[in-house]
Amino acid sequence: MLDPKLETFITVAELKNFTKAAQALNLTQPAVSNHINQLEKEYNTKLFMRKKKDFTLTNEGKIALTYARRLKALHDKMIQKIADEQTSSSHIKIGITHTSENNNITEVLAQYANQMHNITITIITDSINNLYDMLENYQLDIAIVDGKKQSGKLNYLMLDTDYLVCVLSSQHPLAKNSSISLNQLKKENMILRLPSSSTRSLFEATLISINESIDSFNVLLEVDNVSTIKQLVMNNFGVSILPQSVCTKDVKKGKIKTLPIENLSMTRQMNIAYNKDFANIDVLNDIVTLYRTSQNK
């Protein structure tokens, strides 16, 4: 059984408020305070810095939170695995990025779950950094990510190769072209992903490699959601830089057009990342096979 004090600590750290944590845990506020005080005595350190309007983790508290979340995730996984064994079933938590939401990977996962009646898949969408944190803390079984993180804890299985393209409305004057130059792109209003996204990072890194800068472009909007960006592009509010894979369906429907950017190669791998002790490797191979089959249709 997971130590209730760790449950309390995680909840307080996430809610940043003793009263809200007490309500969430159905405890009294003194009980929550007592749990935290006991942990601080056990670890011989302060877990929180408390000021009038500021409530933050100490550096030691951040370390404790990382391992507390990992212990909770492992405990929950143990309970789930025991239940799965008793019912001859399997539950898999899969993390995907906001970009992956817009290609057909979710449909592939749904198709796989339909084929394998004893498997239940939970899909969690988050930023790539958060997905890696959840994966390493065993809150996820696998994550579908762009590229690879330097980590000795993870293995990777390549799912697909993708590349960035210029996306514009099918009504745009340049839509009839076979490509677009950087000079032409600099004259357009641009709607880009947030700087923290892997798509934006790859675009900016590629520009830097040819002595160009994002500052030379007219970035009109920065938007986190890929579907929103595509809708704005369809309505001709600007052009964007997105992975080809998230545009395929809309291109086929004639809603948008994608163009390669002259002298700019922005290729990346889409990988399945998983912990080295992940046991169901056959599931990964099945997903890869199903995904590649769907891409060839």
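Preceding this paragraph is the structure being described.
Residues numbered from 1 in each chain as written. Predicted model: local features only at pLDDT ≥ 70, side-chain atom pairs only at ≥ 80, totals over all residues. Heavy atoms only, no water.

1. Overview of the pairing of strand E5 (residues 142-146)
Applied cut-off: The rule is simple: take the accessible area with a 1.4 Å probe, protein chains only, and divide by the maximum for that residue type; under 20% is buried, over 50% is exposed, in between is partly exposed. Secondary structure elements follow DSSP: runs of H or I of four or more residues count as helices, runs of E of two or more count as strands, with numbering from the N terminus. Strand pairing is defined by DSSP finding a minimum of two bridges between the two strands.
Of all the 5 residues making up E5, 5 are buried; the element is thus mostly covered by neighbouring parts of the structure. By the alternation rule, side chains of E5 split into Ile142, Ile144 and Asp146 and Ala143 and Val145, which are all buried. Where strand E3 (residues 90-96) and E5 come together, 3 bridges link them in parallel fashion. Across the sheet, the residue bridging to Ile94 is Ile142, located in E5. Across 5 bridges, the pairing between E5 and strand E11 (residues 267-275) is antiparallel.

2. Here we look at the packing of aromatic side chains
Basically, it comes down to this: Two rings from Phe, Tyr or Trp (for Trp, the six-membered ring) form a pair when their centres sit within 6.5 Å of each other. Planes less than 30 degrees apart are called stacked, planes more than 60 degrees apart edge-to-face, and all others tilted. For a ring to carry a charge above it, either NZ of a lysine or CZ of an arginine must fall within 6 Å of the ring centroid while also lying within 35 degrees of the normal to the ring plane.
Taken as a whole, this structure holds 4 aromatic pairs when the rule is applied. Aromatic pair Phe18 and Phe48: ring centres 6.5 Å apart, planes at 70 degrees, arrangement edge-to-face. Of this pair, Phe18 sits in helix H2 (residues 18-25) while Phe48 sits in strand E1 (residues 48-50), placing them 30 residues apart in sequence. Across this residue pair, the class does not change: Phe18 and Phe48 are buried. Aromatic pair Phe203 and Phe217: ring centres 6.0 Å apart, planes at 65 degrees, arrangement edge-to-face. One end of the pair, Phe203, is in helix H8 (residues 198-209); the other, Phe217, is in the loop between H8 and strand E8 (218-222), with 14 residues separating them in the sequence. We note Arg70 situated over the ring of Tyr67; from NZ or CZ to the ring centre the distance is 5.1 Å.

3. Re the layout of surface pockets
How we decide: Site definitions follow a grid-based scheme: protein atoms alone, a 1 Å grid, a 1.4 Å probe that fits but cannot get out for cavities, and for pockets an open set with protein on both sides within 12 Å along at least five of seven lines, plus lining residues having an atom within 4 Å of a point. Grid points are joined across faces, edges and corners, and a volume is the space filled by probe spheres set on the points. All residues other than Ala, Val, Leu, Ile, Met, Phe, Trp, Tyr, Cys, Pro, Asp, Glu, Lys and Arg, Gly among them, are scored as polar; the first ten of these are nonpolar and the last four charged.
If you add up the space inside the largest pocket, you get close to 440 Å³. In terms of lining, the largest pocket is formed by 22 residues, of which the most central are Asn104, Ser245, Thr248, Ser294 and Gln295. By volume, the second largest pocket is sized at about 370 Å³. Contributing to the lining of the second largest pocket are 16 residues, with Ala73, Asp76, Lys93, Tyr138 and Gln139 lying nearest its centre. A per-element tally of the lining of the second largest pocket places helix H4 (residues 59-87) first, with 7 residues. Tallied by class, the residues present in the lining of the second largest pocket amount to 4 nonpolar, 4 polar and 8 charged.

This is a description of form; function is not addressed.
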